[in-house]
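# A look at the structure
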Amino acid sequence: MLALRIARVFDGRAVVEGAGVVFVDGGRIVGVEPSWFGIPTGVEVLDRPSGTLLPGLVDAHVHLVGDGAPGALERPGALSQDDLFSTIERSLRIQLAAGVTTVRDLGDVAWSVVDWRARRPRPDLPTVVASGPPLTSRAGYRRHMDGGASGSDELCAAVRERAERGADVVKIMAGGGMPSTPGSAVDQGRFTAEELALVVRRAHAVGLPVTAHAHALVSIRDAIAAGVDGIEHCTFLASDSVHVPEEAIAALAAQGIVVCPTLGHAPGAGPAPQLKERMYEAGPDHDALRRRVVRAHLAGVTIVSGTDGGIGPDTPHGGLPRAVMDLVSGGMAAADALASATSVAARACGLGDRKGRVRTGYDADLVVVDGDPFTDMAALARLDVTVLGGQVLSSRS
């Protein structure tokens, strides 16, 4: 048994009043007790009198086959399986070093992440929720990742394949992206609302949620109409502006659609250069993007933190603490921002019954940071202790 004695406990939703000792045994949390609670003789104790204990962080949008170099998602198709598996493991180690104990991979190449998870289980690396290749149109964005489909028969077959291969979620590219694939503009849709709705119906029938990549306003509207479970990016780009209709925000909130705005760019960086250019042409900058996300949150939209980690130098792996800080700098309350990367993200990943909370019976995926993120959110980047499945993987002596 292990006891962590700390200054404060954030349980995934709020600070637990008076809590100061958390017990771990057999890979699970077995007690959350007051600071004065007596620790039995023989129990290993980690004392962190100024630390804050939180659930292990959940990055709800990563690409583990990406190494964060320029063109990171264009190269994997030419790599061997061993090279791909090595990249996946290296990406996960970087995530773990940032306090991330669970990731949701939303686009691999040729099923590499799904296959790695099945063939090389690694209890010393973060838990992986995986989509397999993103489902895209034949001429669409990220079509080189082997997820192209056209017409209702192929779309249904693609959903069926994801269920059979053990994917946890269907990722569909509802619109274009940045940098643009030739023939696929970022502000245009790639599937009709009817096609998106067909994918949602078929996925839900086999127990899979659907999340849609959508920068474009038209794609966001189609995804909402189709009844998707989540939207990635949700930038609201129109042909010559960024336009956020109130009815779209209201629909996102009313339908419980989870939005992952993929914040947390590397220091000094912002959105991809082409996207930044489009956003500047439309008026708002990155600060306005953060504020817009927080306004949606205040209107009732469920926000989760994810980084798009691995796709390029602006979005390396391990940036989730920055994504949470972005939400706070945009005006979100610290507890809500931390929840977006713990309990809320775990629920969006289908793991809300065992991860993302500091609660008896939950998996002992925990981090201790040096300081109080409620007065200084930069403390989230000062990782002190990491516990994964009950095992202490790193700690300051």
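In case you missed it, the structure is sitting above this.
Here the structure is a predicted model, which means the values were calculated and not measured.

## Here we look at the environment of Ala130
- Along the chain, the position of Ala130 falls in strand 7 (residues 127-130).
- The spacing of Ala130 and Arg104 is 26 residues in sequence and 5.7 Å in space, taken between C-alpha atoms.
- Setting aside chain neighbours within four positions, we find Ala130 in contact with Asp105, Val113, Val114, Arg117, Ala167, Asp168 and Val169.

## Points about empty space enclosed by the protein
- Evaluated as defined, the whole model comprises one cavity of 30 Å³ or more.
- Each pocket or cavity is described by its volume, and for the largest cavity that value is around 110 Å³.
- Residue assignment for the lining of the largest cavity shows that the elements contributing at least two residues are strand 10 (230-237), helix 6 (246-255) and helix 8 (286-298).
- For the lining of the largest cavity, the element with the highest residue contribution is helix 8, accounting for four residues.
- Residue composition of the lining of the largest cavity, grouped by class: twelve nonpolar, one polar and one charged.

## A look at the packing of aromatic side chains
- Enumeration according to the criterion identifies two aromatic pairs in this entry.
- A ring pair is formed by Phe10 and Phe374, whose centres lie 5.8 Å apart and whose planes are at 50°; its orientation type is tilted. In this pair, Phe10 is assigned in the loop between strand 1 (2-9) and strand 2 (19-25) and Phe374 in the loop between strand 13 (366-370) and strand 14 (383-388), connecting sequence segments 364 residues apart.
- What makes Phe374 partly exposed here is its relative accessible area of 30%.

## Points about the packing of helix 1 (residues 81-97) against helix 2 (residues 112-119)
- Interaxial distance between helix 1 and helix 2 falls to 10 Å at its minimum, and their mutual angle equals 80°. Overall, the two elements helix 1 and helix 2 adopt an arrangement that is roughly perpendicular. Residues Gln81, Leu84, Phe85, Ile88, Glu89 and Leu92 of helix 1 touch helix 2, and the partners they reach there are Ser112, Val113, Asp115, Trp116 and Arg119.
- Classifying every residue of the contact of helix 1 with helix 2 by side-chain character gives six nonpolar, two polar and three charged.

Parameters and conventions
- Residues numbered from 1 in each chain as written.
- Predicted model: local features only at pLDDT ≥ 70, side-chain atom pairs only at ≥ 80, totals over all residues.
- Heavy atoms only, no water.
- Helix = DSSP H or I, 4+ residues; strand = E, 2+ residues; numbered from the N terminus.
- Contact = heavy atoms within 4.5 Å.
- 1 Å grid on protein atoms, 1.4 Å probe; cavity = no way out; pocket = protein on both sides within 12 Å on 5 of 7 lines; lining within 4 Å.
- Points joined across faces, edges and corners; volume = space filled by probe spheres on them.
- Nonpolar A, V, L, I, M, F, W, Y, C, P; charged D, E, K, R; others polar.
- Phe/Tyr/Trp six-rings, centres within 6.5 Å; stacked < 30°, edge-to-face > 60°.
- Buried < 20%, exposed > 50% of the residue type's maximum accessible area, 1.4 Å probe, protein only.
- Axes fitted to C-alpha atoms, helices over the stretch in contact; angles between N-to-C directions.
- Parallel < 35°, antiparallel > 145°, perpendicular 65-115°, else oblique.

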